[in-house]
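# Structural characterization, general
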Amino acid sequence: MKTFTAIVERDSDTKLYVGYVPGFPGAHSQAETLDELQENLREVIEMLLEDENLVFDTEFVGTQQIVIQ
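Bear in mind that the values here come from a model prediction, so they are computed numbers and not experimental data. (Residues numbered from 1 in each chain as written. Predicted model: local features only at pLDDT ≥ 70, side-chain atom pairs only at ≥ 80, totals over all residues. Heavy atoms only, no water.)

Attention now goes to the pairing of strand 3 (residues 28-31). Residue alternation in strand 3 divides its side chains into a buried set, Ser29 and Ala31, and an unburied set, His28 and Gln30. Taken together, the four bridges between strand 2 (residues 17-20) and strand 3 define a ladder with antiparallel strand orientation. Bridging across to strand 3, Tyr20 finds its partner in His28. (Buried < 20%, exposed > 50% of the residue type's maximum accessible area, 1.4 Å probe, protein only. Helix = DSSP H or I, 4+ residues; strand = E, 2+ residues; numbered from the N terminus. Pairing = 2+ DSSP bridges.)

Right, let's get into unusual backbone geometry. Backbone geometry follows two general trends: most residues other than glycine have a negative phi, and most peptide bonds adopt the trans configuration. Its identity as a non-glycine residue notwithstanding, Lys15 has a phi of 65°, on the positive side. Considering the arrangement of structural elements, one finds Lys15 in the loop between strand 1 (7-10) and strand 2.

The structure is reproduced here in structure tokens:
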């Protein structure tokens, strides 16, 4: 079992949820609901993992909060 972290945003123009996995080329999708987005991302990741030549160029480290005063 592998776990991937997805970043999820909501597009204000289309009202769609957009998700991507940082550092994972091609691992992105969009959907009308969060449940649908999760399923779409799962399918994309499973498909991409089938590629024997898959190369991760970067490593997701985390997120930071930046405070501006």
